[in-house]
Amino acid sequence: MNKVIPYGRQNISAADIQAVTETLQSDFLTQGPKIAEFENNFSNYIGSKYAVAVSNGTAALHLCALALGVKQGQKVITTPITFAASANCVRYCDGEVVFADIDPDTYLLDLVSVRKLLEASPKGTYSGIIPVDFAGRAVDMEAFRLLATEYGLWIIEDSCHAPGGFFKDTNNVIQNCGNGQFADLAIFSFHPVKHIACGEGGMITTNDEELYKKLLVLRTHGITREAEMLENSISFAAADESATKYPNWYMEMQELGFNYRLTDFQAALGISQLKRADDGLVRRRIIAEKYAAEFKGKAFVKGQSGLVEGHAYHLYVLEVEDRLGLYNYLRENKIFAQIHYIPCHLMPYYKKFGWKEGDMPNAETYYKRCISLPMFPTLTDADHEFVMAKINAYYHG
Ligand SMILES: *Cc1c(COP(=O)(O)O)cnc(C)c1O
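Throughout what follows, the structure given in this document is the object of discussion. Within any chain, residue numbers begin from 1 and follow the written order of that chain's sequence. Restriction of local features to residues with pLDDT of at least 70 applies here, the model being predicted, together with a cutoff of 80 or more for giving and counting side-chain atom pairs; totals for whole chains, interfaces and linings are based on all residues. By convention in this description, side-chain values take in all heavy atoms of the structure and omit both hydrogens and water.

### Topic: the sheet that holds strand E6 (residues 154-158)
Any two strands between which DSSP finds at least two bridges are classified as paired. Each helix corresponds to a stretch of at least 4 residues labelled H or I by DSSP, and each strand to a stretch of at least 2 residues labelled E; elements are numbered beginning at the N terminus. Taken together, the seven strands give an open sheet; going across it, the order is E2-E10-E9-E6-E5-E3-E4, and neighbouring strands pair in mixed fashion. Every interior strand has two partners, whereas the edge strands, strand E2 (50-54) and strand E4 (96-99), have only one. Each neighbouring strand pair of the sheet contributes to a mean axis angle of 25 degrees, computed without reference to strand direction. Residues are treated as being in contact if the distance between any of their heavy atoms lies within 4.5 Å. Axes here mean lines fitted to C-alpha atoms, for a helix over just the part in contact, with angles spanning 0 to 180 degrees between N-to-C directions. In the packing of helix H6 (residues 141-151) onto the sheet, contacts are made with strand E5 (126-130) and E6, and the angle to E6 comes to roughly 155 degrees.

Structure (structure tokens):
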């Protein structure tokens, strides 16, 4: 019997292990030099001005929502075909999640559906949009920016699936996912199943200095030590009328923040993994190309969109007939395909807000047929062939 083939998995090299070990033996386990180094390398890779490392992708989303001031009564639009965290960050801040349907060809939040929502309400009804670079396919963020500007909205780009993904803008310029050109903030996750693994970890990227500074404070309890940001007087801080500068120990908690820090040894792992990110991307695109060629024109494939330029191929999704049968058959053969995603609006938690079946027809049709096939850089050619052979065998006997 063959070994288990998962849909995704991490790739830890000897260099990764050495990087972590060295950091464990250093003076800093957390809040040391590896964090800034990782942030710097990551923002260079993505092409953003700033990057803020945090404990996971969900924390990144939460901090973004806080930094943008989401609060009770505010409505934020997102896609139902995403991991729940993309929507939950709005709820953490007591805002209201409004789902808009996906484009059935790209599986991404549909701009036309979003526009319809915006047009149906007075301006000011909505505060922001959270598009997701689902599966690794880049959202046309330029188009979303135009719409957002028209309606005075902010954008958080959930790029968890798409480090290294890009689209070409109307001037034919390559725009990396999360590069901060169009979205106010973008977020990434370093969960082991994502492209870059830290165990747990996340990153926020932005080109906005003000938001960047807010995020730094919110990441660590709302505490700041920067002299120019301090609010209390020097004489209060020093408890001495004659003091002329803030004492070295002085810090202020100015807002209600969190402890969402990444550790230094996780950052060391991230730095090491990031060096191989492009190699991983090349492998993912090769795997996608083979799948696309294999399944092109097959009768059991529904709505397969083929190869896409700039796609980061976090997932390789196929829409098929008899999806349940295929899924179970693959499992019997120790191929653990996955379903991404059960539509968020139909989760019992969101149904409590009135969402119901039929609200998002494209997302619901997609959910009935989608299956994510094994897709990770260390998938061997033999295992890849085995997966494709089993899929063909299921439909053709
Ligand atoms: C993984 C993921 C998240 C959450 O990241 P964590 O690091 O697991 O908290 C959010 N959005 C999307 C689209 C994801 O895939």
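What follows continues from the structure just given.
### As for the environment of Ala85
Within the fold, Ala85 resides in helix H4 (residues 85-92). The rule is simple: take the accessible area with a 1.4 Å probe, protein chains only, and divide by the maximum for that residue type; under 20% is buried, over 50% is exposed, in between is partly exposed. For Ala85, a relative accessible area of 6% corresponds to the buried category. Along the chain, Ala85 and Ala59 lie 26 residues apart, while their C-alpha atoms are 9.2 Å from each other. Setting aside residues up to four positions removed in sequence, Ala85 forms contacts with Thr58 and Leu61.

### Some words on the site of the ligand
Nearness of a residue to a molecule or strand requires only that one of the residue's heavy atoms be within 4 Å of it. Around the ligand sit 16 residues in total, of which Gly57, Thr58, Asp158, Ser189 and Lys194 are the nearest. We call two N or O atoms a polar contact when they sit within 3.5 Å, provided that within protein one can donate a hydrogen and the other can accept it, with sequence-adjacent residues counted only if both atoms are side-chain atoms. Residue Asn56 places a side-chain N or O atom 3.5 Å away from an oxygen atom belonging to the ligand. Every element with two or more residues in the shell around the ligand is listed here: helix H3 (57-67) and H4. A total of three residues in the shell around the ligand trace back to one element, the largest contributor, which is H3. Ten residue types, Ala, Val, Leu, Ile, Met, Phe, Trp, Tyr, Cys and Pro, are classed as nonpolar, four, Asp, Glu, Lys and Arg, as charged, and the remainder, Gly among them, as polar. Across the shell around the ligand, the residue classes tally to six nonpolar, eight polar and two charged.

### Comments concerning the pairing of E4
Judged from the four bridges that link them, strand E3 (residues 75-78) and E4 form a sheet pairing that is parallel. By the bridge assignment for E4, Ile77 is matched with Val98. One crossover worth recording links E3 to the parallel E4 by way of H4, and it is right-handed. A clockwise course of the path from the first strand over the helix to the second, judged with the strands pointing away from the viewer, identifies a crossover as right-handed.

### Concerning the side chain of Asp101
Mapping Asp101 onto the fold places it in the loop between E4 and helix H5 (111-119). No salt bridge is formed by the buried Asp101; its nearest oppositely charged neighbour, Lys116, is found at 9.4 Å. Those residues in contact with Asp101 that sit more than four places away from it in its chain are Leu109, Asp110, Ser113, Met360, Pro361, Asn362 and Ala363. By the counting scheme adopted, Arg and Lys are positive, Glu and Asp are negative, and His together with the chain ends is not counted. Any Lys or Arg side-chain nitrogen located within 4 Å of an Asp or Glu carboxyl oxygen qualifies as a salt bridge.

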